[in-house]
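Close look at the chain arrangement
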Amino acid sequence: MTRPPVRAIIWDFDNTLVDTGARNLSVTRRIIRHVTGREPDDFAPLRDQAAYDQTLHETQDWRELYSIHFGMVEHQIVAAGRLWTRFQRTDATPTTWFPRVTDAVGQLRRFPHGIVSLNTRANIESTLERDGLSSAFTSVVGCGDVPRDRQKPDPEGLMRCVLALVGEVTATVIYVGDHPIDAECAAKANDRYAATGRGVKVVSVAAFYGTKASEECWPVEPRFRASCPLDVVRIVDEVSARGR
Ligand SMILES: [Mg+2]
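Described below are features of the structure shown in this document. (Residues numbered from 1 in each chain as written. Predicted model: local features only at pLDDT ≥ 70, side-chain atom pairs only at ≥ 80, totals over all residues. Heavy atoms only, no water.)

Observations regarding the packing of helix H2 (residues 49–58) against helix H3 (residues 62–69)
The interhelical angle for the contact between H2 and H3, taken along N-to-C directions, is 110 degrees, at an axis separation of 9 Å. Relative to H3, H2 is oriented roughly perpendicular. The element H2 and its partner H3 pack so that their crossing is right-handed. Judged by residue contacts, Tyr 52, Thr 55, Leu 56 and Glu 58 of H2 engage Glu 64, Leu 65 and His 69 from H3. Residue classes in the contact of H2 with H3 are distributed as three nonpolar, two polar and two charged. (Axes fitted to C-alpha atoms, helices over the stretch in contact; angles between N-to-C directions. Helix = DSSP H or I, 4+ residues; strand = E, 2+ residues; numbered from the N terminus. Parallel < 35°, antiparallel > 145°, perpendicular 65-115°, else oblique. Left-handed = near helix turned anticlockwise from the far one by under 90°. Contact = heavy atoms within 4.5 Å. Nonpolar A, V, L, I, M, F, W, Y, C, P; charged D, E, K, R; others polar.)

The structure is reproduced here in structure tokens:
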């Protein structure tokens, strides 16, 4: 069967578009101190960047991180979640776009672009605004836009973004992400589309330039691997050519 044409590009945010590792560690350390009253260094995953990155890639999401590794109970996790955007706004740790990632978005501007992330939409939009890139992304789906029990790897956020970008037409959509749950999310979206007879196919691309996950720890194999952001342009061209 011929694959429908590529109609949209969707990106994860943290460590796919923007190198946010240092900022997220700094904010998490401040949140832990604020909510638990304990020193961040009491917790092994917060002692340095490598430990934080490693732990993050072994957990599904921040709730699991806060529960398992910081021993938080539900009301503390809720309090921590409320602090995220405010603490992000007041944190001076720089975040930078990966080299050439905005070139890749520019070279693919014939497609609408979206972002699906476990970060908050407010935080993502403030980064886009800061760097004059708001108009480059048509749809941003953050963690607050999706019910708590349907966060990635559940495909709901991704499918909402697909609908916002391409409507009801048949389409191939590229989803680029650095975390194993991003590839898992793409696979679950494909299962859902297949079950409902909707003519959408999501092609997952692992952002290996930003990932902290080793080669082995991808329970769902991504369809492609990008070792630099411009690889995404090549992959989109390849997928487009094959579809014809
Ligand atoms: Mg990410």
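So, the sheet that holds strand S6 (residues 171–177)
Strand order in the open sheet made by the six strands is S5-S4-S1-S6-S7-S8, with parallel pairing throughout. For this open sheet the edge positions go to strand S5 (139–141) and strand S8 (224–226), each flanked by a neighbour on one side alone. Each strand axis lies, on average, 25 degrees off the axis of its neighbour in the sheet, ignoring direction. Taken together, the three bridges between strand S4 (residues 113–116) and S5 define a ladder with parallel strand orientation. (Pairing = 2+ DSSP bridges.)

Here we look at the pattern of salt bridges
Applying the stated criterion to the full structure yields 22 salt bridges. A salt bridge links Arg 192 to Asp 154, with the shortest nitrogen-to-oxygen separation between them at 3.7 Å. Of the two residues, Arg 192 is situated in helix H8 (residues 180–196) and Asp 154 in the loop between S5 and helix H7 (156–166); the sequence distance between them amounts to 38 residues. With a relative accessible area of 37%, Arg 192 lands in the partly exposed category. (Salt bridge = Lys/Arg side-chain N within 4 Å of Asp/Glu carboxyl O. Buried < 20%, exposed > 50% of the residue type's maximum accessible area, 1.4 Å probe, protein only.)

So, the coordination of the magnesium ion
For the magnesium ion, the full set of protein donor atoms is Asp 12 (OD), Asp 14 (O) and Asp 178 (OD), and the range of their distances to it is 2.0 to 2.2 Å. Mapped onto the sequence, the donors of the magnesium ion take the spacing D-x1-D-x163-D. Assessed through its relative accessible area of 13%, Asp 14 is described here as buried. (Donors = N, O, S within 2.8 Å, 3.2 Å for Na, K, Ca; no water.)

What to know about the pairing of S6
S6 sits mainly inside the fold: seven of its seven residues count as buried. Alternating positions in S6 separate into two faces, Ala 171, Val 173, Tyr 175 and Gly 177 on one and Thr 172, Ile 174 and Val 176 on the other, with burial throughout. As paired elements, strand S1 (residues 6–11) and S6 share five bridges and run parallel to each other. In the sheet register, Ala 8 faces S6, and the bridge partner there is Val 173. The pairing of S6 with strand S7 (residues 200–207) spans seven bridges and is parallel.

Side note on the environment of Ala 186
Checked against the element boundaries, Ala 186 lands in helix H8. Its relative accessible area of 1% is what places Ala 186 among the buried residues. Each C-alpha atom of the pair Ala 186 and Leu 83 lies 29 Å from the other, and the pair is 103 residues apart in sequence.

Overview of helix H4 (residues 74–89)
Over its 16 residues, H4 extends 24 Å from the first C-alpha to the last, a length consistent with the 22 Å expected when each residue adds 1.5 Å. Of the residues making up H4, those classed as buried are Gln 76, Ile 77, Ala 80, Leu 83, Trp 84, Thr 85, Phe 87 and Gln 88. Looking at the buried positions of H4, the neighbouring elements they touch are helix H1 (21–36), H3 and helix H6 (121–130). (Expected span 1.5 Å × (residues − 1).)

Things to note about unusual backbone geometry
In this structure, the amide linkage connecting Lys 152 to the following residue, Pro 153, adopts the cis form with an omega of 15 degrees. Take Pro 153: it is sitting in the loop between S5 and H7. Residues other than glycine seldom take positive phi values, yet Asn 15 does so here, at roughly 65 degrees. Inspection of the secondary structure assignment puts Asn 15 in the loop between S1 and strand S2 (18–19). Of note in this structure, Arg 100 is not a glycine but carries a positive phi near 75 degrees. Within the fold, Arg 100 resides in the loop between strand S3 (96–97) and helix H5 (101–107). Given a relative accessible area of 45%, Arg 100 falls into the partly exposed group.

Quick notes on the nonpolar core
Ranked by internal contacts, the top residues of the largest apolar core, which has 32 residues, are Trp 11, Leu 17 and Ile 174. Elements with a minimum of two residues in this core: S1, H5, H6, S6, S7, S8 and helix H9 (229–243). The element that contributes the greatest number of residues to this core is H9, accounting for five residues. With residues near it in sequence (within four places) discarded, Ile 174 still touches Val 6, Ala 8, Ile 9, Ile 10, Val 203, Val 205, Val 236 and Val 239. With 20 residues, the next largest nonpolar core counts Val 146, Cys 185, Ala 186 and Val 202 among its residues. (Core = buried A, V, L, I, M, F, W, Y, C linked by side-chain atoms within 4.5 Å.)

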